[in-house]
Amino acid sequence: MSAPIIVALEARATEWEIAPEKGVEGWGYNGQIPGPTIKARVGDTLVIRLKNSLPEPTTIHWHGLRIQSDMDGTDSVQRAVAPGETYEYRFELPDAGTFWYHSHMNETEQMERGLYGAMVVRGSDDPVVDDDRVLVLDDLMLDGDGQIAAFGGLLQRHNGRIGNTRLVNGCVEPELLMSAGHVERWRVVNAASARYVRLSVGGKPFRLLATDGGFLDTPVTMNELLLVPGERADILVGPFAEGETFSVDSISTPRNPERFASVRVGRSAQSSARIPARLNAIESLVHGNAQANRTVHFQSKLTVRRGIDWLVNDEMHHHAPPVTLGELQVWDIVNETRIDHPFHLHGFFFQVIEVAGVAPPFRAWRDTVNVQASQTVRIAWMPDDRPGEWMYHCHILEHHAAGMMAHFQVLRAGEHERVMDNPHHAAHR
Ligand code: C2O
Ligand code: CU
């Protein structure tokens, strides 16, 4: 066994240079936004020492990592790390892929201010590429003084906080340089609070290699890809010709592309990329006609005091029944509202079985999936031997905060549900 990898992360106020001479008062890890990219290999043990130098409590959630419940970084499984305190996370990395970490307290503010970072876990048979980049997409809502705008308001509670300034790796619309002839792997993370990104790489075809939970069976060629908040995609881009320039956009509104970055293709260089035709062998969790054994209703309710509440099964911050480990879960996520929501399950990967009754075109492991307005998405997942407190929620941070989430426990057979003594949860009952 190799020695653990020790990472020190200090959460603190940071002068965030989003463009030359454009400083924003942010909150970052180790003075960086995004925080340092944590790089490791499958099977490595990570020890992360979080020091909280913020003026308020925080925690870190390891989004997409299939680790033990007590390391999940939510206020259901740990005490908040108070200002001045340190806290140690320790876990082994079970899967190769692209993950990310972010604050899981007062997220609408802490994540907007910059408390997020990427994590790259390499496997033993990763394809060989000419370059491997991480692109963390985000957006900021800046006010007239170029600072992060005041938080809150009914519009944000309804739509989420959609910013007016788009960022890649913390910078406004950077230029990426590529060599002609090269094939690169881009690990794209949508870290925005609420913005849906329909990714386009200059309108050119690219190949989807991996979703949240690792490789597809085989690369899938596409021209655009929806990436909702919380979601990741690893794509293969190139080869391009010398002198080409194009932009990396979100084309959610095709007439009005939103630029995230631009690409300039320089001199040509020898490529040593080798992409196997077969990347993975994903076994379907469901055979034949599976019936759902749980229904998750995403709902909204108008209220006089707060304008709108976001609910799961008629409750804000829903307390959902436990699941038993080893028992296949087939869930219908029913969106009863008039807007889309990105569903995120902590700690486990799922497969999408059906979207509005239709099987998806390819198998994939995910931890986040879009559920369109008035639509139902059926997912399947297997609770493996990691009992404890878990949760799922909408990854539009303002919706999560306004109630669109649920706590549940994974139990061993014969074990009884523990009483929830989570103060956050109790406060909403
Ligand atoms: Cu990125 Cu509770 O999630
Ligand atoms: Cu939502």
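Our subject is the structure that appears above.
Note that the structure is a prediction, hence the values are computed from the model and not measured.

**Points about the nonpolar core**
With 31 residues, the main nonpolar core has Trp331, Phe343, Ile379, Trp381, Tyr392 and Phe408 as its most contacted residues. Elements represented by at least two residues in this core include exactly β21 (294-303), β22 (307-312), β25 (329-335), β26 (341-345), β28 (368-371), β29 (376-381), β30 (388-394) and β31 (405-411). Those residues in contact with Ile379 that lie beyond four places of it in its chain are Gln329, Val330, Trp331, Ile333, Phe343, Phe350, Gln351, Val352 and Ile353. In this structure, Val168, Val220, Phe240 and Ala261 belong to the second largest nonpolar core, which totals 29 residues.

**Quick notes on the coordination of the copper ion (ligand 2)**
For the copper ion (ligand 2), the full set of protein donor atoms is His341 (ND1), Cys394 (SG) and His399 (ND1), at a range of 2.0 to 2.1 Å. Of note, the copper ion (ligand 2) draws all its donor residues from one chain, in the sequence arrangement H-x52-C-x4-H. Separated by 53 residues along the polypeptide, His341 in strand β26 and Cys394 in strand β30 bring together distant segments of the chain.

**Considerations on a negative patch on the surface**
On the surface, Glu15, Glu17, Glu21 and Glu25 cluster together into a negatively charged patch. Tracing the backbone shows Glu15 in strand β1 (residues 5-19). You can call Glu15 exposed: its relative accessible area is 60%.

**Focus on the pattern of salt bridges**
Where charged atoms of side chains with opposite charge meet at close range, the side chains can pair. Scanning the model with the defined rule gives 27 salt bridges in all. Put simply, Asp367 and Arg232 hold a salt bridge, and the shortest N to O gap is 2.7 Å. You can see Asp367 sitting in the loop between β27 (351-355) and β28 and its partner Arg232 sitting in strand β18 (residues 232-237), a full 135 residues away along the chain. Classification of Arg232 by relative accessible area gives buried; the value is 1%.

**Re the packing of aromatic side chains**
Counted by the stated rule, this structure contains 16 aromatic pairs. Note on Phe348 and Trp390: the rings are 5.0 Å apart at their centroids and 70° apart in plane angle, and the pair reads as edge-to-face. Here Phe348, found in the loop between β26 and β27, pairs with Trp390, found in strand β30; they are 42 residues apart in sequence, far enough to count as distant. A single burial state applies to Phe348 and to Trp390, both of which are buried. Members of the aromatic cluster, joined through ring pairs, are Phe298, Trp331, Phe343, Phe348, Phe350, Trp381, Trp390, Tyr392 and Phe408. Taking the ring centre of Trp27 as reference, the NZ or CZ of Arg113 above it sits at 5.2 Å. Positioned over the ring face of Phe348 is Arg386, at 4.4 Å from the centre of the ring.

**Section: the environment of Arg195**
Tracing the sequence through the fold places Arg195 in the loop between β13 (184-190) and β14 (197-201). Arg195 sits in the buried class, given a relative accessible area of 5%. For the pair Arg195 and Arg166, spaced 29 residues apart in sequence, the C-alpha to C-alpha distance is 9.9 Å. The residues touching Arg195, leaving out its near neighbours within four places in the chain, are Asp139, Ile162, Gly163, Arg166, Asn190, Leu227, Pro229, Glu258 and Phe260.

**Let's talk about the sheet that holds strand β12 (residues 175-180)**
Strand order in the open sheet formed by five strands is β12-β20-β19-β14-β17, with mixed pairing between adjacent strands. The sheet is open, and its two borders are formed by β12 and β17 (225-227), each paired with just one other strand. Pairwise comparison of adjacent strand axes, ignoring direction, gives a mean angle of 30° for this sheet. Where β12 lies against strand β20 (residues 258-268), six bridges are found, and the strand directions are parallel. Residue pairing for β20: Ala180 is matched across the bridge by Ser268.

**Looking at the side chain of Glu184**
Mapped onto the fold, Glu184 is located in strand β13. For Glu184, a relative accessible area of 2% puts it in the buried group. For Glu184, the side chain forms a polar contact with the side chain of Trp186, separated by 2.9 Å. Beyond its immediate sequence surroundings of up to four residues, Glu184 is in contact with Asp131, Arg133, Leu177, Met178, Ile235, Leu236 and Val237.

**A few points about the sheet that holds strand β2 (residues 22-29)**
Strand order in the open sheet formed by four strands is β2-β1-β4-β6, with mixed pairing between adjacent strands. Both edges of this open sheet fall to β2 and β6 (86-92), since each of them pairs with a single strand only. Averaged over all adjacent pairs, the angle separating strand axes in this sheet is 30°, with direction ignored. In this structure, β1 lies alongside β2, joined through eight bridges in antiparallel fashion.

Rules and cut-offs
Residues numbered from 1 in each chain as written. Chains lettered and ligands numbered in written order. Predicted model: local features only at pLDDT ≥ 70, side-chain atom pairs only at ≥ 80, totals over all residues. Heavy atoms only, no water. Core = buried A, V, L, I, M, F, W, Y, C linked by side-chain atoms within 4.5 Å. Buried < 20%, exposed > 50% of the residue type's maximum accessible area, 1.4 Å probe, protein only. Helix = DSSP H or I, 4+ residues; strand = E, 2+ residues; numbered from the N terminus. Contact = heavy atoms within 4.5 Å. Donors = N, O, S within 2.8 Å, 3.2 Å for Na, K, Ca; no water. Patch = residues over 30% accessible without salt bridge, like charges linked within 9 Å, V, L, I, M, F, W, Y side chains within 5 Å. Areas by Shrake-Rupley, 256 points an atom, 1.4 Å probe, with all protein chains shown as cover. Salt bridge = Lys/Arg side-chain N within 4 Å of Asp/Glu carboxyl O. Lys, Arg positive; Asp, Glu negative; His and termini not counted. Charge placed at Lys NZ, Arg CZ, Asp CG, Glu CD. Phe/Tyr/Trp six-rings, centres within 6.5 Å; stacked < 30°, edge-to-face > 60°. Lys NZ or Arg CZ within 6 Å of the ring centre and 35° of its normal. Pairing = 2+ DSSP bridges. Axes fitted to C-alpha atoms, helices over the stretch in contact; angles between N-to-C directions. Polar contact = N/O pair within 3.5 Å; in protein donor to acceptor, adjacent residues only side chain to side chain.

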